[in-house]
Amino acid sequence: MKGRLTKRQEEILAFITAYQRENMICPSLEEISDHFKIAVSSVFDHMEALEKKGVIERIPGQARSIRLTGEERQLKALTIPLTLKDGSTSTLTLSTLLLRGEIPYFAVEMQDDSMKNIGIMENDLLIFRKTSVAEERDIIYFLDESSEEVLVRRYTREASRFVMLPESDNVPSRICRNITILGVLSKVLRSYE
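Residues numbered from 1 in each chain as written. Predicted model: local features only at pLDDT ≥ 70, side-chain atom pairs only at ≥ 80, totals over all residues. Heavy atoms only, no water.

**Student:** Lay out the overall build of the protein in plain terms, naming residues and giving numbers.
**Tutor:** Check the secondary structure of the protein and you find three helices and eleven strands. Going from the N terminus to the C terminus, the protein shows its helices and strands as α-α-α-β-β-β-β-β-β-β-β-β-β-β. Overall size of the protein, expressed as C-alpha extent along the three principal axes, is 65 × 30 × 30 Å. Counting every position in the protein, which comprises 193 residues, the buried fraction comes to 43%. Across the protein, contacts joining residues at least 24 apart in sequence account for 54% of those joining residues at least 6 apart. Of the roughly 10800 Å² that the protein leaves accessible, carbon and sulfur atoms contribute 48%. For the protein, the centre of its 27 positive side-chain charges and the centre of its 30 negative side-chain charges are spaced 4 Å apart. (Helix = DSSP H or I, 4+ residues; strand = E, 2+ residues; numbered from the N terminus. Buried < 20%, exposed > 50% of the residue type's maximum accessible area, 1.4 Å probe, protein only. Contact = heavy atoms within 4.5 Å. Areas by Shrake-Rupley, 256 points an atom, 1.4 Å probe, with all protein chains shown as cover. Lys, Arg positive; Asp, Glu negative; His and termini not counted. Charge placed at Lys NZ, Arg CZ, Asp CG, Glu CD.)

Structure (structure tokens):
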């Protein structure tokens with residue numbers, strides 16, 4: 001690989017890999033555009049960048065001309081559920097270079113700035129390992145059963161209650177009697193586009 005890929009390029013490469021594996025044909029520029037909700041001209045720019053970095057080849061004048069090269073042929077893609085901050089759901093396709101395929105993951109769009117002091121910002125995509133148990137001080141995604149809110153906080157326990165800690169000076173701690181742990185934070189993805 002001639003250069004590091006941007007986050008968006010990794011996502012597009014993972015999508016192309018998954019699409020080819022499932023359909024035995026490469027996606028069109030329009031299909032990539034529809035999947036990522038970006039302009040076809042932007043997809044074309046990403047294809048040029050991926051080609052310059054040596055991870056794809058394109059055959060001029062041919063439809064569906066994208067071909068993975070070298071080690072990229074061996075990459076696998078993992079599609080995980082994604083919950084956006086407006087409550088809608090989607091999917092996120094990532095390379096198994098980022099996530100181990102045998103572990104169940106899910107993604108959540110960060111809905112506020114309650115974790116900003118540790119670099120988790122509103123609109124970041126948080127990748128959680130699906131689990132119902134956590135270690136002291138883990139960052140977790142959990143359901144507060146009394147309020148039925150689902151939140152991201154640092155997990156701590158005091159006697160028979162949970163003290164869910166934000167990482168922001170503007171947000172108070174939350175004392176909970178009963179919670180359901182949904183996942184432990186694995187990765188944070190941020191887009192600058």
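That was the structure; now back to the text.
**Student:** Now, about helix α3 (residues 40-52): what can you tell me, with residues and values included?
**Tutor:** For α3, which comprises 13 residues, the first-to-last C-alpha distance of 18 Å matches the rise-based estimate of 18 Å (1.5 Å per residue) to within 8%. Residues of α3 that are buried: Val43, His46, Met47, Ala49 and Leu50. Summarising the axial view, the buried residues of α3 lie within an arc of 165°, below the 170-degree limit, and thus occupy one face. The positive-phi residue at the C-terminal boundary of α3 is glycine 54, with phi of around 80°. (Expected span 1.5 Å × (residues − 1). Arc of directions from axis to C-beta.)

**Student:** Got a sec to walk through the nonpolar core? Specific residues and values, please.
**Tutor:** Membership of the largest hydrophobic core comes to 17 residues, with the highest contact counts inside it found for Ile12, Ile16, Ile32, Met47, Leu50, Ile56 and Ile66. By residue number, the principal contributor to this core is helix α1 (residues 7-23), which donates five residues. For isoleucine 66, the contacting residues outside a window of four places in its chain are Ile16, Gln20, Cys26, Pro27, Ile32, Met47, Ile56, Glu57 and Arg58. Membership of the second largest hydrophobic core comes to twelve residues, among which are Leu78, Leu92, Ile103 and Tyr105. (Core = buried A, V, L, I, M, F, W, Y, C linked by side-chain atoms within 4.5 Å.)

**Student:** Any details on the sheet that holds strand β8 (residues 149-158)? Residues and values, ideally.
**Tutor:** Backbone-to-backbone hydrogen bonds pair the strands of a sheet. The strands run either parallel or antiparallel. Spatial ordering of the open sheet is given by β4-β3-β5-β6-β11-β7-β8-β9-β10, a layout of nine strands whose pairing is mixed. The strands lining the two open edges of the sheet, one partner per strand, are β4 (89-95) and β10 (174-176). Adjacent strand axes in the sheet meet at a mean angle of 45° when their direction is disregarded. Two strands pair when backbone bridges link them, and strand β9 (residues 161-165) and β10 are joined in this way by three bridges, in the antiparallel orientation. If you follow valine 163 over to β10, its bridge partner there is isoleucine 175. (Pairing = 2+ DSSP bridges. Axes fitted to C-alpha atoms, helices over the stretch in contact; angles between N-to-C directions.)

**Student:** Describe the pairing of β8, listing the residues and the values that go with them.
**Tutor:** Here six bridges tie strand β7 (residues 139-144) to β8, and the two strands are oriented antiparallel to one another. Its bridge partner lying in β8, isoleucine 139 is registered against arginine 154. Linking β7 to β8, which pair antiparallel, is a turn of four residues; within it glutamate 148 sits at a positive phi near 60°. Examined bridge by bridge, β8 and β9 share five bridges and lie antiparallel to one another. From the neighbouring strand, arginine 154 faces β9, where its bridge partner is leucine 165.

**Student:** Can you break down unusual backbone geometry residue by residue, with the values?
**Tutor:** A positive phi angle, near 80°, is found at arginine 137, a position not held by glycine. Tracing the backbone shows arginine 137 in the loop between β6 (125-130) and β7. The class of arginine 137 is partly exposed, set by a relative accessible area of 43%. Positive phi, close to 50°, is recorded for alanine 159, a residue that is not glycine.

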